[in-house]
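Structural overview for review
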Protein chains: 2
Amino acid sequence: MACSLEDHREYLHQHGIKSTRPRNLVWEILLTHDGILSAEEIYQTAVQQGETVNFSTIYRVLELFVEKGLVEKSFFPGTQKNVFSVCHVGHTHHLICLRCHKTVDISPCPLSDLEKQIAAKTDFQIVGHHLEIYGYCPECRKIMK
Amino acid sequence: MACSLEDHREYLHQHGIKSTRPRNLVWEILLTHDGILSAEEIYQTAVQQGETVNFSTIYRVLELFVEKGLVEKSFFPGTQKNVFSVCHVGHTHHLICLRCHKTVDISPCPLSDLEKQIAAKTDFQIVGHHLEIYGYCPECRKIMK
DNA sequence: TTGGTTGCAAATCGTTTGCATCCCG
DNA sequence: CGGGATGCAAACGATTTGCAACCAA
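To keep things clear, this report deals only with the structure shown in the data block. Numbers given for residues are sequential positions, taken from 1 along each chain in its written order. Chains carry letters and ligands carry numbers; both start at the beginning, A for chains and 1 for ligands, and go up in the order they are written. Per-residue local features are limited, in this predicted model, to residues with pLDDT of at least 70; the limit for side-chain atom pairs, both in listing and counting, is 80 or more; totals at the level of whole chains, interfaces and linings are taken over all residues. Where side-chain values are given, they derive from all heavy atoms of the structure, hydrogens and water being excluded.

1. A closer look at the interface of chain B and chain A
Contacts between the two partners involve 33 residues from chain B and, on the opposite side, 34 residues from chain A. Taken together, both faces of the contact between chain B and chain A bury some 2900 Å²; the carbon and sulfur share is 70%. For salt bridges, the criterion is a side-chain nitrogen of Lys or Arg within 4 Å of an Asp or Glu carboxyl oxygen. Between the two partners, chain B and chain A, sit two salt bridges. A salt bridge links D123 of chain A to R141 of chain B; its shortest N-O distance comes to 3.5 Å. By definition, any uninterrupted DSSP run of H or I lasting at least four residues is a helix, any uninterrupted run of E lasting at least two residues is a strand, and each is numbered from the N terminus. Those elements that place two or more of their residues in the side of chain B that touches chain A are β4 (93-97), β5 (103-106), α5 (112-122), β6 (125-136) and α6 (138-143) of chain B. If you tally residues by element for the side of chain B that touches chain A, the top one is β6 of chain B, at 12 residues. Residues belonging to the side of chain B that touches chain A are distributed by class as follows: 20 nonpolar, nine polar and four charged. In short, DSSP must find at least two bridges between two strands for them to pair. In this structure, strand β6 (residues 125-136) of chain A lies alongside β6 of chain B, joined through 11 bridges in antiparallel fashion. For L131 of chain A, the partnering residue across the bridge sits in β6 of chain B and is L131 of chain B. Contact definition: two residues touch when any of their heavy atoms are within 4.5 Å. Put simply, buried area is how much 1.4 Å-probe accessible surface two parts lose in total, over both of them, once they are put together. For this scheme, ten residues count as nonpolar: Ala, Val, Leu, Ile, Met, Phe, Trp, Tyr, Cys and Pro. Four count as charged, namely Asp, Glu, Lys and Arg, and the remainder, Gly too, count as polar.

The following block contains the structure:
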């Protein structure tokens, strides 16, 4: 897959998202740091790149991306913070290191069969789910002795 | 299983939790409304029962229960709120109606095999996970036409 | 040009904390 | 009696909002 800035912006455009500096910036930070980022981390990354964005704008842009289905919003365990990650085709989940926050994608989603079973049993209309698995990555396990 | 107030208090006692009015109150509300409750909902329920408890106390009591492994803390999707539920033996998850907030337990936990696979593949030490499934219950589906 | 987008500052919401008082063991 | 538990009020951190200025189409 080609990965130029133009491609990314074109991708946003295709999803009905007007190109602006903050939107491109947030989107490119999310793509570059493929994984899970908080609004704070996005802000810090932008600052390190010499860009300035307002926090409110970051939140508004993220909300827009979530609405358009480009980004998934979830929670980081043990904090009060929301975290955001780019939605992948095929719907992946995250394995998250509780120490260094590194993430590994778990795909494909192992839950579709389970959902069908549950829908049949409970007569719920299932619209989504949330799955995260927490642990410690090999590196952090070493450091932690 | 017997369910008298004394039994509930004895249960807390066994877990090293000193019996106080707020603790018994919160615990009994959680047991009565078997499912998922926010701090706010616990507070409202208490008020409806003619009891008064301070919000700080509710949070402190809930934190204590979580520490002792009696209660699980998670997030309600689409809100910024934490929600709390009694931990069942065998580790259950929730199917949550997005409209009326009714919950259905999903048990046993369908993830233990998956966790083993993932641990083997990634060399992570897995310490926990978070799974919730969202949808609309039969009643709400009718109401929503 | 012009309606959507941004930055700023202030408000909001859920949650946490310091401290004096209270109550269980 | 004494230490932990509570209530109160104030602090806190993350997120949201109103509004005026701005900018992409």
